[in-house]
Amino acid sequence: MEKLKILVLLSMIAILITGSCQVAQETKGVYISGTSAGDAETLNWILAADSASLGYVGHTLDSLATYDNEWNIQLRCAARDVEVSEDGLVYTVTIRDDLKWSDGSPVTAEDYVYTLKDLMFSDWLNYTYQSDWQEQVNDETVFVTPEVVNKTTFTITRQTVDPEFIYTVRNLTPYPKYIATKYEGDIDAFTQAPEFNNLTYTGNLGPYKFVEWIRNDKFVVERNPEYYLGKDISAPYFEQYIVKLFGTPATCHAALEAGDIAYAGIDPPHVAKFKAIERINVYTVPTTGYLLLAYNLRDNGWEGLKQKEVRQALSMAISKELLIEKVLFGFGEPAYSFIPKPSPWYVYIATAKYGVEPLLDEEKAKERLLETGYATQRADGSIEVADKEGKPLKLTLVTNSGNDIRENVGHLVKEELSAIGIEVELKFVPWATELRKYLMNKVPGTEQELGYNNGPRAVSEEPWDLMVMGFNTHPLSPSGQDVFYATQGGLNFWGYSNSRVDELFQRIKSEEALDEGVRKQLYAELSQLVAEEQPVNFLAFQLANAGFQKNVKGIEPGINMGYNYHLWYFE
Amino acid sequence: MKKTWLRDYIIKRLLLAIFIAWAVLTITFVLVRVGPTSPADKYLANLTARGQDAAQVVAAIEARYGVDIPIYEQYINYIVNLGRGDWGWSLSTSMPVMELIKTHWIYSFQLIFLSSILAALIGILIGIYSAVRQYSKTDYIATFFSFIGISIPNFWLGVMLILLFSVKLGLFKTYYDTGIPLFSLANLQQLILPVITLGTGMMAAYTRYTRSAMLDNLRKEFVRTARAKGLPERTVIGKHVFRNAILPLITIIMFDLGSIVFGGAYLTEIIFGIPGLGQISFNAIFADDYAVVVAVTVISAFLILMINLITDITYTYLDPRIRYD
């Protein structure tokens, strides 16, 4: 019996060991990732404002940490997770002690603090995302305070609590102080620095090393044998990793079909075709993008939209499931707020679900419009939607031209609203026109400069009522959406204002929300409130389709599918 | 004698070209900056994911693009730098503008050059044959295919060729591979589909132009005289008719070659993933990359002027009666 116990124990240990350790794979092949999303702008990442640039650099330079598909933290350059003091003001970061720059010198806490203090916070570099590292103290905008503790440890101290600041900290990557000081204070020299534009400094900080970047063609990196995460398992397993650019999705799809590339994103109409190809795996995964129908709540929009009940009525007339089926070819999920399903803060129960049954009902929509005075009842009991003067209701829907999905949503909204007697005029305009004529606003008759939210009295140059838009949200910190839905939000184009919503956004970024349970409750109330209020009609969260050649192994499909891509290999 | 007036003419045209290039530069410089758009427009989508301060981001980007200082200051800085041979830094590709153009012109050049030459050779031959055999079955067939060639959009033809020859038959790669050496057979092979795509329309047009120019000349008195003198038909067509018909064709072919910088092969480059100047210049326009837009416009204007000059000089050799004094 004793022997049996020992045998079971040994077996369990063996399973644990083999289960927890990554098995080394053979290194071979060139992995080509196809994209038609456009080229990067710079490899000097601190100057980048586009996602492609950050994506390219990410192959050679890890952040402090990342997340798997379930949002579990995955340590990268950090030796352990960022520690937050009990009062939520001090963040202590400890980096690994085996990180090296290309000249062999160690990456230290000094490099991180220098990057923050002397580069990101400087007034000569014009770092685009400075506001990530700023806070409001006594009506003044100030930077957080980074400090070196020792070679591998530094702290960042805030004066106000923001429980979601930790996500910003985990995302930090460093510049080498020994190189950057050469260019300090000279924006042109820094912009054109060959070390930063050719990524010659990245040492063992990323799974790959830079080889070449041919603009509008390809970005090539090769296996980094020194990669700190690959030491024991010889990762990564591709000899080279190439991002190949295509001018159109059609040619990118053709390359995947022909087997010329290992990966490509697949547009919804073509998914069925690729699923039928034996040697291609198609994974459908969630995204952070959502479609919405915005209501103009400013003075040059239809006045009815200012009433919550009217917005609810319009939302009750537009079927989210039909939209997902017809426009997104089934690759979407109904949205009820800006918090996506994969977010830890997502709440399903008790959220008003306008646009799906039972809150999808033309008759109820008309009844609600009748209650608000925007319809008349005939002798036969039928309801005719009309404005306060009894004239037929006509609304203008605007969206940016050239975006098939948004244009098709516009057509569907027109059809759905015409079923309850509202005529919709469609206007598809270029993005720059949409931005300047319909979104940016100012108070009429003043010298005010156009802005994205110039207060409650501001209006856009051209009137509009409905607008199809697409936004991204961050599943871990959806409170960043306050830019759209808080009264003072910098991108609150449509003039929505609700004091309770403002308060909840503030409380999520306050001390009480350090308790995750409390934060979850606050998010729950916020999502229930916006679902009820309908500041916009949250239409659908989009799903993405990723097509891989079947011989690519090690993939874990999910919202953060690439988190372990250094472990992918060719069979 | 000819040498003197031709030299004076060339000098005059060169001076004029420099003046026009400067005017084009100034107009382009002003136009791209006074437009209502901001280089920050395209970043608004990124802001939405991270919830940053929109006004701060816009200000930072405009400062980086140098549009936060008065336009006359920007212009003076630009001209001073240009005087030092510095065409500026491309902010949308992160490299010096001149290096960008130097790296990418060859991809457009090889495509347009091969397409033009091939299209001219085949198109002119078919055009001559069609004119000589006017209203024959061969002429009708050539006319039919010429109209098809002119009507087919490049982007459609390119995608169809890829689907047929690359995806279905596996004869070619689906995209242009810059890893293959430029001067190699493999490179020529991978240019076959792009050259067919770009060259089909050109060839059809050359066929029509040649046929029309040949027919014009075939009806002229000197042709009847040549035939009456008993010259062989090959000599009449080749030496007398074709030599007169080729003048307008030279202009068209030269302008096609001149479109290298201006993005004449943009659609073909897009379809086959060829990183030529067409893609570079169009992307620069959408990215508000002022330095590239100005450089590409000025260089293409200057190139067109030079091609025009070369065409005019070529005329004087093809037809010694032509003088510009």
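What you are looking at is a predicted structure, and each value in this text was computed from that prediction instead of being measured.

Caption draft 1: The arrangement of the overall build of chain B in detail. Each helix and strand counted, chain B has 14 helices and two strands in total. Its C-alpha atoms give chain B principal-axis dimensions of about 85 × 60 × 35 Å. Within chain B, residue pairs in contact and separated by at least 24 positions form 73% of the contacts whose partners lie at least 6 positions apart.

Caption draft 2: Here's a closer look at the overall build of chain A. Looking only at helices and strands, chain A features 17 helices and 25 strands. Over its C-alpha trace chain A gives a radius of gyration of 26 Å, about what one expects of a compact globule, namely 25 Å for 571 residues. C-alpha atoms of chain A, sized along the principal axes, occupy 85 × 60 × 60 Å. Counting over 571 residues, chain A shows a buried share of 44%. When contacts within chain A are restricted to residue pairs at least 6 apart in sequence, long-range pairs at least 24 apart make up 65% of them.

Caption draft 3: View of the environment of Val530 of chain A. Here Val530 of chain A is to be found in helix 17 (residues 516–533). Note: C-alpha distance between Val530 of chain A and Ala109 of chain A (421 residues apart in sequence) is 42 Å.

Caption draft 4: Layout of the pairing of strand 10 (residues 208–214) of chain A. Residues and elements named next belong to chain A. Here strand 10 runs beside strand 11 (residues 218–223); their pairing, made up of six bridges, is antiparallel. By the bridge assignment for strand 11, Tyr208 is matched with Arg223. Hairpin geometry of strand 10 and strand 11 is characterised by an intervening segment of three residues between the two adjacent antiparallel strands and by a positive phi of about 60° at Asn216.

Caption draft 5: Here's a closer look at the environment of Ala60 of chain B. Within the element layout of this structure, Ala60 of chain B appears in helix 3 (residues 54–64). Taking the C-alpha atoms as reference points, Ala60 of chain B and Ala40 of chain B, 20 residues apart in sequence, are found 8.7 Å from one another.

Caption draft 6: Structural detail: the confidence of the model for chain B. Here chain B shows a mean pLDDT of 88. Residues at 70 or above account for 94%. For chain B, per-element mean pLDDT is lowest for helix 2 (residues 44–50) of chain B, which scores 64, and highest for helix 8 (residues 185–190) of chain B, which scores 96.

Caption draft 7: Molecular detail of the interface of chain B and chain A. On the side of chain A, 51 residues touch chain B, which itself brings 43 residues to the contact. Put simply, the parts of the chain that give the side of chain B that touches chain A at least two residues each are helix 2, helix 3, helix 7 (154–168), helix 12 (266–272) and helix 13 (277–286) of chain B. Residue contributions to the side of chain B that touches chain A peak at eight residues, all from helix 3 of chain B. Of the residues contributing to the side of chain B that touches chain A, the split by class is 22 nonpolar, 16 polar and five charged.

Caption draft 8: Focus on the sheet that holds strand 4 (residues 83–84) of chain A. All names here are of chain A. Strand order across the open sheet formed by four strands is 4-5-9-8, with antiparallel pairing between neighbours. A single partner strand is all that each edge strand has here, and the edge strands are strand 4 and strand 8 (145–150). Bridge count for strand 5 (residues 90–94) against strand 9 (residues 153–157) is five bridges, and the pairing is antiparallel. When the sheet's bridge partners are listed, Tyr91 is paired in strand 9 with Ile156.

Caption draft 9: Local environment of helix 8 (residues 249–258) of chain A. Taking burial as the measure, the 10 residues of helix 8 of chain A include seven buried ones, the bulk of the element. Residues of helix 8 of chain A that are buried include every one of Thr251, Cys252, His253, Ala254, Ala255, Leu256 and Glu257 of chain A, and no others. Where helix 8 of chain A is buried, its residues contact strand 1 (30–35), strand 13 (263–265), strand 14 (280–295) and strand 23 (536–549) of chain A together with helix 7 and helix 12 of chain B. Phi for Gly259 of chain A, located one or two positions after helix 8 of chain A, is positive at around 85°.

Caption draft 10: Spatial organisation of the nonpolar core. Counting 215 residues, the largest nonpolar core has Tyr290, Leu292, Met467, Leu539 and Ala540 of chain A together with Val292 and Ala295 of chain B as its most contacted members. Sort the elements by how many residues they give to this core and helix 5 (residues 97–132) of chain B lands first, with 11 residues. Once residues lying within four places of it in the same chain are set aside, the contact partners of Tyr290 of chain A are Ala335, Phe338, Pro340, Phe471, Thr473, Phe538, Ala540, Phe541 and Gln542 of chain A.

Caption draft 11: Structural detail: the packing of helix 7 of chain B against helix 9 (residues 192–218) of chain B. Residues and elements named next belong to chain B. In the contact formed by helix 7 and helix 9, the axes pass within 9 Å of each other and the chain directions differ by 145°. The hand of the helix 7/helix 9 crossing is right-handed. Where helix 7 abuts helix 9, its residues Asn154, Leu157, Gly158, Leu161, Ile162 and Phe165 lie against Leu193, Ile196, Thr197, Leu198, Thr200 and Gly201. Considering only residue class, the contact of helix 7 with helix 9 consists of seven nonpolar, five polar and no charged.

Caption draft 12: Structural context of unusual backbone geometry. All names here are of chain A. Cis geometry marks the peptide bond from Ala235 to Pro236; its omega dihedral reads 0°. Mapped onto the fold, Pro236 is located in the loop between strand 11 and strand 12 (240–245). The peptide bond linking Glu357 to Pro358 adopts the cis configuration, its omega dihedral lying at 5°. Its place among the elements puts Pro358 in the loop between strand 15 (332–334) and helix 12 (362–371). Even without being a glycine, Phe329 presents a positive backbone phi close to 55°.

Caption draft 13: Broad picture of the pairing of strand 22 (residues 466–472) of chain A. Residues and elements named next belong to chain A. With five of seven residues buried, strand 22 is to be regarded as a mostly interior element. Inspection of the sheet shows strand 14 paired to strand 22 by seven bridges, in the antiparallel sense. From the neighbouring strand, Ala294 faces strand 22, where its bridge partner is Met467.

Caption draft 14: Fine view of the environment of Ser212 of chain B. Residues and elements named next belong to chain B. For Ser212, the location among the structural elements is in helix 9. Accessibility expressed as a C-beta count within 10 Å gives 14 for Ser212, which makes it partly exposed. Considering only alpha carbons, one finds Ser212 and Phe147, 65 residues apart in sequence, at a separation of 14 Å.

Caption draft 15: Geometry of the packing of helix 5 of chain B against helix 13 of chain B. Residue and element names in this part refer to chain B. The interhelical angle for the contact between helix 5 and helix 13, taken along N-to-C directions, is 130°, at an axis separation of 7 Å. It follows from the interaxial angle that helix 5 and helix 13 lie oblique. Touching Leu100, Ile101, His104, Trp105 and Ser108 of helix 5 are Leu277, Gly278 and Ile280, all from helix 13. Grouping the constituent residues of the contact of helix 5 with helix 13 by class yields five nonpolar, three polar and no charged.

Caption draft 16: Broad picture of the confidence of the model for chain A. When the pLDDT values of chain A are averaged, the result is 93; 96% of them are 70 or greater. In this model residues 14–20 of chain A is a low-confidence stretch, pLDDT under 50, and it forms zero contacts with partners more than four residues away in sequence or in other chains.

Conventions and cut-offs
Residues numbered from 1 in each chain as written. Chains lettered and ligands numbered in written order. Predicted model: local features only at pLDDT ≥ 70, side-chain atom pairs only at ≥ 80, totals over all residues. Helix = DSSP H or I, 4+ residues; strand = E, 2+ residues; numbered from the N terminus. Contact = placed C-beta atoms within 7 Å. Rg over C-alpha atoms; globule rule 2.2 N^0.38 Å. Buried ≥ 20, exposed ≤ 12 C-beta atoms within 10 Å, placed from the backbone. Pairing = 2+ DSSP bridges. pLDDT = per-residue confidence, 0-100. Nonpolar A, V, L, I, M, F, W, Y, C, P; charged D, E, K, R; others polar. Core = buried A, V, L, I, M, F, W, Y, C linked by C-beta atoms within 7 Å. Axes fitted to C-alpha atoms, helices over the stretch in contact; angles between N-to-C directions. Left-handed = near helix turned anticlockwise from the far one by under 90°. Parallel < 35°, antiparallel > 145°, perpendicular 65-115°, else oblique.

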